[in-house]
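Observations on the model geometry
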Amino acid sequence: MPGDDIESSGGGLKRNNNSNTSSVYASSSTYLIEDTETLWTSWLVPMFLVANIAVFIVVMYVNNCPEHRYTRLVGNDKCVARFLGRFSFEPLRDNPLFGPSSSTLKKLGALDWTKVVRNHQGWRLITCIWLHAGVIHLIVNMLCLVFIGIRLEQQFGFVRIGVLYLLSGFGGSVLSCLFIRNDISVGASGALFGLLGAMLSELLTNWTIYTNKAAALLTLLVIIAINLAIGILPRVDNFAHIGGFLTGFLLGFVLLPRPQFGWLERRNLPAGTRLKSKYKPYQYVLWLFSLVLLVAGFTVALVMLFRGENGHDHCHWCHYLSCVPTSSWDCNEN
């Protein structure tokens with residue numbers, strides 16, 4: 001997870017871990033070329049950060065663990081950090097990430113297949129991106145957002161990065177809902193994986209203007225592989241990660257191509273000089289192919305989702321993408 005996406009089933013929580021994604025920030029600076037363009041001032045990503053924190057505070061206020069403490073047993077089932085009053089956390093047995101209950105998250109917009117499909121609450125595909133299952137979940141995701149998002153916003157502006165973030169989060173929610181019916185899901189990991197995917201496609205589509213590109217590509221691929229590998233552990237919803245990553249990867253080809261240097265310097269060229277095309281031919285091909293694939297993918301996935309189809313019926317091996325059973329755990333129990 002580029003953060004810690006969580007899914008809750010019954011009393012347990014299922015999370016998407018992405019703590020390693022923060023290292024993308026360090027790696028990204030190794031291959032970015034020097035640019036004469038003025039960097040944008042990053043304000044949207046900090047606003048996303050503030051919004052996520054504010055939403056979590058509201059969730060904890062609504063949760064109000066002490067109010068229903070009479071339903072708890074004595075000992076380890078008491079609210080955690082009771083000095084916080086109504087902002088105290090659920091017992092660690094219910095939520096080990098120091099956060100609210102599953103019922104509160106569901107009440108406030110967590111991703112739930114039954115409510116999305118049967119009750120026609122499609123808005124949950126967006127609201128779940130802004131909810132977090134606990135303080136640990138929130139901190140990890142927000143660190144990743146800052147490390148990845150600010151650098152991208154400085155280079156490409158708030159419009160493109162805002163679209164990337166929101167559509168990637170939406171794509172992660174759609175794929176998660178297609179494959180997971182018995183759990184609820186919250187977290188920004190799909191959106192953060194989208195930013196990671198966009199970094200990869202941006203490197204590929206602007207390949208000719210970078211130095212140390214082979215090292216940069218290898219670094220990104222290793223980071224992506226590590227984070228996706230974490231998703232095959234139990235209690236982790238890797239479908240949100242994969243959906244967000246694929247959406248961001250395709251959007252990167254559409255939104256993040258850089259113009260050729262000759263086109264940028266057109267004002268300094270002598271009169272009568274033949275101008276170069278703004279983008280290289282392969283960039284136009286990747287742009288068109290990615291846009292068509294993105295529109296087709298969203299259309300097919302949304303039609304399948306709201307018709308109530310189960311993704312596993314069309315992909316019998318896909319359950320291994322989210323959990324690989326071992327002698328230490330049984331994926332069916334999660």
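Residues numbered from 1 in each chain as written. Predicted model: local features only at pLDDT ≥ 70, side-chain atom pairs only at ≥ 80, totals over all residues. Heavy atoms only, no water.

Here we come to the side chain of serine 201. Position of serine 201 relative to the elements: it lies in helix α8 (residues 189–205). For serine 201, a relative accessible area of 0% corresponds to the buried category. Apart from the residues within four sequence positions on either side, serine 201 is in contact with Gly248, Phe249, Gly252 and Phe253. (Helix = DSSP H or I, 4+ residues; strand = E, 2+ residues; numbered from the N terminus. Buried < 20%, exposed > 50% of the residue type's maximum accessible area, 1.4 Å probe, protein only. Contact = heavy atoms within 4.5 Å.)

Take the state of the cysteines next. Scanning all chains against the criterion turns up 2 disulfides. Each sulfur of the disulfide joining cysteine 65 and cysteine 79 lies 1.9 Å from the other. The disulfide joining cysteine 65 to cysteine 79 has a torsion of about -90° about its S-S bond and is therefore left-handed. Taken together, the residues cysteine 65 in the loop between α2 (44–63) and α3 (102–107) and cysteine 79 in the loop between α2 and α3 connect sequence positions 14 residues apart. Just as cysteine 65 is buried, cysteine 79 falls in that class too. With no disulfide partner, cysteine 128 has as its closest neighbouring cysteine sulfur the one in cysteine 177, 8.5 Å distant. (Disulfide = S-S within 2.5 Å.)

With that settled, the discussion passes to the packing of α2 against helix α7 (residues 158–179). The description of two helices packed together rests on the angle between their axes and the distance between the axes. The geometry of α2 relative to α7 is characterised by a closest axis approach of 10 Å and an angle of 40° between their N-to-C directions. On the basis of the axis angle, α2 is oblique to α7. Contact residues: Leu44, Phe48 and Asn52 in α2; Phe158, Gly162 and Tyr165 in α7. Considering only residue class, the contact of α2 with α7 consists of 4 nonpolar, 2 polar and no charged. (Axes fitted to C-alpha atoms, helices over the stretch in contact; angles between N-to-C directions. Parallel < 35°, antiparallel > 145°, perpendicular 65-115°, else oblique. Nonpolar A, V, L, I, M, F, W, Y, C, P; charged D, E, K, R; others polar.)

On the secondary structure map, phenylalanine 179 appears in helix α7. Along the primary structure phenylalanine 179 and serine 322 are separated by 143 residues, whereas in three dimensions their C-alpha atoms are 9.6 Å apart. Sequence-distant contacts of phenylalanine 179, defined by excluding residues within four places in its chain, comprise Phe239, Gly311, His312, Cys315 and Cys318.

Turning our eyes to something else, we now look at the pattern of salt bridges. Counted according to the given criterion, the structure contains 3 salt bridges. Across the pair lysine 106 and aspartate 112 runs a salt bridge whose closest N-O atoms are separated by 3.4 Å. Here glutamate 309 ties to arginine 307 by a salt bridge, and the two come within 3.5 Å at their closest N and O atoms. (Salt bridge = Lys/Arg side-chain N within 4 Å of Asp/Glu carboxyl O.)

Now for the nonpolar core. In terms of nonpolar packing, the biggest core is built from 60 residues, with Leu125, Leu145, Tyr165, Leu195 and Leu305 touching the most fellow members. Sorting the residues of this core by element identifies α2, α4 (113–118), α6 (135–156), α7, α8, α9 (213–230), α10 (238–255) and α12 (281–306) as the ones contributing at least two each. A total of 9 residues in this core trace back to one element, the largest contributor, which is α8. If near-sequence neighbours (up to four positions away) are discounted, leucine 305 is found in contact with Trp113, Val116, Val117, Leu125, Cys177 and Leu178. Counting residues in each nonpolar core, the second largest holds 8 residues, with Val59, Leu105, Ala133 and Val186 among its members. (Core = buried A, V, L, I, M, F, W, Y, C linked by side-chain atoms within 4.5 Å.)

Summed over all chains, the structure comprises 12 aromatic pairs. Between tryptophan 43 and phenylalanine 158, the ring centres sit 5.0 Å apart and the planes meet at 50°, which makes this aromatic pair tilted. Placement of the pair is tryptophan 43 in the loop between α1 (24–28) and α2 and phenylalanine 158 in helix α7, with a sequence separation of 115 residues. A relative accessible area of 43% means that tryptophan 43 is categorised as partly exposed. Residue phenylalanine 158 is classed as partly exposed on the basis of its relative accessible area, which comes to 31%. Taken together, the ring pairs connect Trp40, Trp43 and Phe158 into an aromatic cluster. The positively charged end of arginine 86 is found above the aromatic ring belonging to tyrosine 61, 3.7 Å away from the centroid. (Phe/Tyr/Trp six-rings, centres within 6.5 Å; stacked < 30°, edge-to-face > 60°. Lys NZ or Arg CZ within 6 Å of the ring centre and 35° of its normal.)

Looking at where leucine 39 falls in the secondary structure, it is placed in the loop between α1 and α2. Sequence-wise, leucine 39 and glutamine 155 are 116 residues apart; in three dimensions their C-alpha atoms are separated by 5.6 Å. Leaving out residues up to four positions away in the same chain, leucine 39 has contacts with Gln154 and Gln155.

Okay, the confidence of the model for the protein chain next. Chain-level pLDDT for the protein chain is 84 on average; 79% of the residues reach the 70-or-more range. Taken as a whole, residues 19–36 scores under 50 in pLDDT and shows 46 contacts with residues more than four places along the chain or in a different chain. (pLDDT = per-residue confidence, 0-100.)

Bringing unusual backbone geometry into the picture now. Phi angles above zero are rare outside glycine, and phenylalanine 98 is one such case at about 60°. Note that phenylalanine 98 resides in the loop between α2 and α3. On the accessibility criterion, phenylalanine 98 (28% relative accessible area) is partly exposed.

Once that is clear, we can look at the packing of α6 against α7. Following both chains from N to C, one finds α6 and α7 inclined at 140°, their axes separated by 7 Å at the closest point. The orientation of α6 with respect to α7, classified from their angle, is oblique. For the pair formed by α6 and α7, the contact residues are Leu145, Gly149, Leu152, Glu153 and Phe156 on the first element and Phe158, Arg160, Ile161 and Tyr165 on the second. Tallied by class, residues from the contact of α6 with α7 come to 6 nonpolar, 1 polar and 2 charged.

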